Amino acid sequence: DGGDSIDHGQLAEAWEILRRAENMKTNTHHDLEHYYEDRVLMRWPILDEMPISVDSFDFNASTGEAFYYDEKRTLSGNSVHVYVPDEVRDAMDGSFPVVFVLHGASGDPIEMVESTGWPGLAVSEHILLVAPVNETAEYVAALLDYILENYPADASRVYCTGFSAGGVSTAAVGKTYPSRFAAIAPMGSAGGQTVDGFDADTYDLPVCMIVGAADDLNVSIDENGIRKVVGLDANALLQNFAINELPVEEQDCILTPYWGIPADDYETFTYHEMTYEISRYYSDRYEEPIIEGVVILDLIHSYTDHMARLAWDFMSHFSRLPDGGLLTDGDESRFPYEAD
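Let me sum up the structure you'll find in this document. (Residues numbered from 1 in each chain as written. Predicted model: local features only at pLDDT ≥ 70, side-chain atom pairs only at ≥ 80, totals over all residues. Heavy atoms only, no water.)

1. Focus: the side chain of Asp233
Formally: Going along the chain from the N terminus, every DSSP run of H or I of four or more residues is numbered as a helix, and every run of E of two or more is numbered as a strand. Only protein chains enter the accessibility calculation, which uses a 1.4 Å probe. A residue is then buried if its area is under 20% of the maximum for its type, exposed if over 50%, and partly exposed in between. By the counting rule applied here, Lys and Arg register as positive and Asp and Glu as negative, while His and the ends of each chain are not counted. In the sections that follow, a salt bridge refers to a side-chain nitrogen of Lys or Arg positioned within 4 Å of a carboxyl oxygen of Asp or Glu. In protein, a polar contact requires one atom able to donate a hydrogen and another able to accept it; more generally it is a pair of N or O atoms within 3.5 Å, and residues adjacent in sequence count only if both atoms are side-chain atoms. A contact between two residues is defined here by any heavy atoms of the two lying within 4.5 Å.
Turning to its location among the elements, Asp233 is positioned in the loop between strand E10 (227-229) and helix H7 (234-243). Nearest to the buried, unbridged Asp233 among oppositely charged side chains is Lys175, at 6.9 Å. Only 3.1 Å separates the side chain of Asp233 from the backbone nitrogen of Asn235, close enough to count as a polar contact. Leave out the neighbours within four places in its chain, and Asp233 touches Gly192, Gln193 and Thr194.

Shown next, in the form of structure tokens:
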């Protein structure tokens, strides 16, 4: 206004606009010849205009204590943000699904949740979203205990997803605590990571893997132009098939680009100018696919505002029974099977 003083309210508003613009800039796709020339701006939710609010607190995993603060802002390495739709908050005696959303390296939990489409989905599907800074499996498990005790959360419908390093952590969480998570969806990390000691005789673990076709951290291209999903841990992808007892003798990316494993079902569609290819793999124990591989054409190591819908459409079919068995909404199949 021509004066010498700074209007801190206007400064905060300007920062919010710039922060969103940066997020939209980085969430783009490109063709392989013109690296940053072909861009798609992603939709950013305006939470003030939505029936959803955020609880922010620091959580001490050792003591199980939470210290709430008024700002929706990440203050420390123990900060947690819980997105609660109004209808969920009004029904505190209800029982609603929980999705842990894990951020990438140097990323922020708030950005991760709000740039991948989760808030709108949380409102329409009545989901509790939990976004911690600390993503170790042990911390997430302790935080889950707190969420189940203090929010109207359904212990049988707990899921985990995340991007890049958050996708790696997602696999660690799900594979370390398979009795507590009904399904996982690592993004931008292919299969996530390999975890030793998984008890495949007792547990199945549904996995949806989402990668960009032009993500050179996840997709390799050999001298013949053959594309293969390798991820941040090449063995993790095959472990996801092994723990669900889906035999894979050899990957052949010449016949089956990207995943190298022939799918039982395949779908391709375009949404918001981007093309998605979904490969589905079934176990004879369930009507729903136990593994999905999603390739987003032309996407680099970044995310889109449709990833939440992809992950949720897969994960929401599954629930985890108290004995660790897996139940689908399509039938009454479960594993382990009940004894006669």
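What follows picks up the thread again.
2. Comments concerning the packing of helix H4 (residues 118-125) against helix H8 (residues 307-315)
A packed helix pair is summarised by two numbers, namely the angle formed by the two axes and the spacing between the axes. Note the following rule: For every element, the axis is a line fit to its C-alpha atoms; helices are fit only across the contacting stretch, and the angle between N-to-C directions ranges from 0 to 180 degrees. Should an angle fall under 35 degrees it is called roughly parallel, over 145 degrees roughly antiparallel, and 65 to 115 degrees roughly perpendicular, with every other angle called oblique.
In the contact formed by H4 and H8, the axes pass within 9 Å of each other and the chain directions differ by 40°. Classified by the angle between their axes, H4 and H8 sit oblique to one another. Counting all contacts with H4, which are made through Trp118, Leu121, Ser124 and Glu125, the residues of H8 involved are Ala308, Arg309, Ala311, Trp312 and Met315.

3. Things to note about the pairing of strand E6 (residues 153-163)
What counts here: Think of it this way: DSSP has to see at least two bridges between two strands before they count as a pair. Orient the strands so they point away from the viewer, and a crossover whose first-strand-to-second-strand path over the helix runs clockwise is right-handed.
In terms of burial, E6 is largely enclosed, as eight of its eleven residues are buried. Relative to E6, strand E4 (residues 96-102) runs parallel, the two being bridged by six bridges. Paired with Phe100 across the strands is Cys160, a residue of E6. Examined bridge by bridge, E6 and strand E7 (residues 183-187) share five bridges and lie parallel to one another. Paired with Cys160 across the bridge in E7 is Ile184. As for the winding sense of the linkage, the β-α-β connection from E6 through helix H6 (residues 165-176) to E7 is right-handed.

By themselves, these are just geometric observations and shouldn't be taken as functional.
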